[in-house]
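Chain by chain, the residues run as shown.
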Amino acid sequence: MKNNNNKNKQIIYLDNASATPIDKEVLKVMSESFKNDFYNSSAIFEGGLEVKNKIEENRKSIANFLGGRKEEIIFTSGATESNNLAILGVVSYAKKFFKKPHIITSSIEHASVLEVLYALERENKIELSLIGVDEKGYLDLKSLKKNLQENTVLVSIMYANNEIGRIFDLKEISKTIRHFRKNKKENNNFPYFHTDATQATNYLDMNTSRLGVDLLSMNAAKIYGPKSIGVLYKKVNVNIENILFGGNQEFGLRPGTLNPALISGLVKALEITNQVKDKEIKRLANLKSRLYLDLQKVFKKHNLEIKLNGTLENSLPNILNITIPKIPSDLLLIELSMKGIYVSEKSACKTGEKSNSHVIVAMYGKKEEKISSLRFSLGRATKKEDLSFVIKTINQILIKLKDWY
Ligand code: PMP
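The structure presented is a predicted model; accordingly, all values stated were derived computationally and were not measured.

Engineer: Explain the sheet that holds strand β11 (residues 319-323) to me, please; I cannot follow it from the model alone.
Structural biologist: Consider a sheet: its strands pair through backbone hydrogen bonds, and that pairing is either parallel or antiparallel. Taken in spatial order, the three strands line up as β10-β11-β13 in an open sheet, and their pairing is antiparallel. In the strand order of this sheet, the two ends are held by β10 (307-308) and β13 (373-377), each with one partner. Bridging between β10 and β11 involves two bridges; their strand directions are antiparallel. Residue pairing in the sheet places L308 in a bridge with I322 of β11.

What follows is the structure, given as structure tokens:
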């Protein structure tokens, strides 16, 4: 349980999929860097070179973490920008080969992938194939295979979903892509394989060669690091074009002055993530299954049957998404928030939209009625006692909201 000093209220924070609190060590490293590393890293006097050297050291650490090379790491402002750069950058390059390049993606990607692709499709610049998921959120791999064609330039499939925690089997997908590439008529490197690994970084294997990915997006904001810093990993033999214009930083692919403090924060956050990964996976998976059982019990006590969106297996250890009958999720969110329990319904980027989340629609089809879902996303600070308090509070809320069911 956390004490929120501003309001003098105990807060139980269960929205770690949308933002994680900053780690103290990360803050320390960043604070030093903010103080000391103010020179522009493109300046050629000694101070500038020192800053540049620090950035290059950090670039090397990230490359090691991803099992790649230094020149494969492009710093961006976060995962939204990394996804945009990967997609728009590949399309821009692929236009040299195809009038209308074809792209494959899944129907449950984050908006920063889907919305770019929808925009390109609307402008008639690409042909787009959406691969669906079943009721449990598993990808239709057969359909992915069937949709690969000569002008497919990119397959963009996320590593782990931010709403239901579903983990996609990237190794299987990359195997399919490699097999297709080998048997193509045209001898080019297409299709490239891009993954949005934003939610996966804390918990899954991030070695790009083992995964077989060509492009990978991640950010620091979900790994107890700072906001507004991310990475696009781009394999050396993969070609993309810049989407922003200006300086020649980041190999000409991402112009703009680099922020050494944010970069050092990202690296420290990765270091800590690596250290605690195994322990946290076990701890959180236990807490998550316990929470699911207890939620089932407390709702059942009031004759309400909840439904797990997704499955406990093959899903991130920290994300639990359930459907609740009869009671609107907004009402529950507000009631919980008044008791200091912070959870969410869907991706924070889609807050305010009244319709069902696109992930829920992809799993269950388009429904007239609003499906009431809640996402609990646990984190490093989550304790067993916090979750017991959540269950106790939900019981009280259900008593209060009796008229709804
Ligand atoms: N992809 C996924 C899967 C995410 O969960 C998020 C953050 N909600 C993003 C992309 C966007 O990240 P950022 O806020 O760094 O742009």
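Engineer: Would you mind going over the site of the ligand with me for this structure?
Structural biologist: Close to the ligand lie G78, A79, T80, H110, S112, M158, N162, D196, T198, Q199, N219 and K222, which account for all nearby residues. With respect to the ligand, the side chain of Q199 contributes an N or O atom lying 2.8 Å from an oxygen atom. For the ligand, whose accessible area on its own is 400 Å², the fraction buried by protein is 85%. Across the shell around the ligand, the residue classes tally to two nonpolar, eight polar and two charged.

Engineer: What am I meant to see in the pattern of salt bridges here?
Structural biologist: Pairing of side chains with opposite charge becomes possible as their charged atoms draw close. All told, the structure shown has 22 salt bridges when counted by the stated rule. The partner of E271 in a salt bridge is K268, with the nearest N and O atoms 3.1 Å apart. You can see E271 and its partner K268 sitting in helix α8 (residues 260-301), three residues apart, about one turn around the helix. Each of E56, R59, K70 and E250 takes part in salt bridges that share partners, so that together they form one network.

Engineer: Which parts of the structure should I look at to understand the sheet that holds strand β4 (residues 102-106)?
Structural biologist: One open sheet accounts for seven strands, arranged β3-β9-β8-β7-β6-β4-β5; its pairing is mixed. The two strands at the open ends of the sheet, each matched to only one other strand, are β3 (73-76) and β5 (127-131). Averaged over neighbouring strand pairs, the angle between their axes works out to 20° when direction is ignored. Relative to β5, β4 is paired through five bridges, and the arrangement is parallel. Bridging from a neighbouring strand, H102 pairs with E127 of β5. Sheet contacts for helix α2 (residues 46-65): β3 and β9 (230-234); angle to β3, the most-contacted strand, approximately 115°. Against the sheet, helix α6 (residues 170-182) touches β6 (152-156) and β7 (192-196), its axis set at about 165° to β7.

Engineer: Which parts of the structure should I look at to understand a nonpolar patch on the surface?
Structural biologist: Taken together, F38, Y39 and F45 make up a surface patch of nonpolar side chains, about 350 Å² in accessible area. Inspection of the secondary structure puts F38 in the loop between α1 (24-36) and α2. Owing to a relative accessible area of 61%, F38 belongs among the exposed residues under this scheme.

Engineer: Help me understand helix α4 (residues 111-122) in this model?
Structural biologist: It helps to recall that an α-helix has 3.6 residues per turn; residues three or four apart then point in one direction. The end-to-end C-alpha separation of α4 is 16 Å, in line with the 16 Å expected for twelve residues at 1.5 Å each. Taken residue by residue, α4 has A111, S112, V113, L114, V116, L117 and L120 as its buried positions. Taken together, the buried residues of α4 touch α3 (79-94), β4, β5, β6 and α10 (358-364). Just past α4, the residue N124 takes up positive phi, approximately 65°.

Engineer: How do you make sense of the packing of aromatic side chains when you look at a structure like this?
Structural biologist: One pair of aromatic rings is described through two measures. These are the centre distance and the angle between the planes. What the rule picks out here adds up to seven aromatic pairs. Geometrically, the ring pair formed by Y39 and F45 is edge-to-face, given 5.6 Å between the ring centres and 80° between the ring planes. Classification of F45 by relative accessible area gives partly exposed; the value is 48%. For the pair Y93 and F190, a centre-to-centre distance of 6.2 Å together with 55° between the ring planes defines the contact as tilted. Of the two residues, Y93 sits in helix α3 while F190 sits in the loop between α6 and β7, which places them 97 residues apart along the sequence. By the burial criterion, Y93 is buried, and F190 matches it.

Engineer: Sorry, what's going on with unusual backbone geometry here?
Structural biologist: Most of the time, phi is negative for any residue but glycine, and the peptide bond is trans. Look at the link from F190 to P191: it is a cis peptide, with omega at -5°. As for its position among the elements, P191 is in the loop between α6 and β7. Even without being glycine, N124 reaches a positive phi, approximately 65°. On the secondary structure map, N124 appears in the loop between α4 and β5. Look at N303: it is not a glycine, yet its phi comes out positive at around 60°. Turning to its location among the elements, N303 is positioned in the loop between α8 and β10. A relative accessible area of 72% means that N303 is categorised as exposed.

Engineer: How should helix α11 (residues 384-400) be read in this particular structure?
Structural biologist: Its 17 residues place the ends of α11 25 Å apart at the C-alpha level, agreeing with the 24 Å of an ideal helix rising 1.5 Å per residue. Turning to α11, its buried residues are D386, L387, V390, I391, T393, I394, N395, I397 and L398. The inward-facing, buried residues of α11 contact β2 (9-13), α8, α9 (329-338), β12 (341-342) and β13.

Engineer: Looking at this structure, how should I read the nonpolar core?
Structural biologist: Across soluble globular proteins, nonpolar side chains show a tendency to be buried alongside one another. L66, F75, L266, L295 and F376 are the most contacted members of the largest nonpolar core, which has 90 residues in total. Counting residues per element, this core draws most heavily on α8, which supplies 14 residues. Contacts of F75, omitting those with residues within four sequence positions, involve I55, R59, I62, I229, G230, V231, E250, R254, L258, I263 and L266. Core analysis: the next-biggest nonpolar cluster, separate from the first, contains 25 residues, V90, V91, F190 and I240 among them.

Each value, and the rule that gives it
Residues numbered from 1 in each chain as written. Predicted model: local features only at pLDDT ≥ 70, side-chain atom pairs only at ≥ 80, totals over all residues. Heavy atoms only, no water. Pairing = 2+ DSSP bridges. Helix = DSSP H or I, 4+ residues; strand = E, 2+ residues; numbered from the N terminus. Near = heavy atom within 4 Å. Polar contact = N/O pair within 3.5 Å; in protein donor to acceptor, adjacent residues only side chain to side chain. Areas by Shrake-Rupley, 256 points an atom, 1.4 Å probe, with all protein chains shown as cover. Nonpolar A, V, L, I, M, F, W, Y, C, P; charged D, E, K, R; others polar. Salt bridge = Lys/Arg side-chain N within 4 Å of Asp/Glu carboxyl O. Axes fitted to C-alpha atoms, helices over the stretch in contact; angles between N-to-C directions. Contact = heavy atoms within 4.5 Å. Patch = residues over 30% accessible without salt bridge, like charges linked within 9 Å, V, L, I, M, F, W, Y side chains within 5 Å. Buried < 20%, exposed > 50% of the residue type's maximum accessible area, 1.4 Å probe, protein only. Expected span 1.5 Å × (residues − 1). Phe/Tyr/Trp six-rings, centres within 6.5 Å; stacked < 30°, edge-to-face > 60°. Core = buried A, V, L, I, M, F, W, Y, C linked by side-chain atoms within 4.5 Å.

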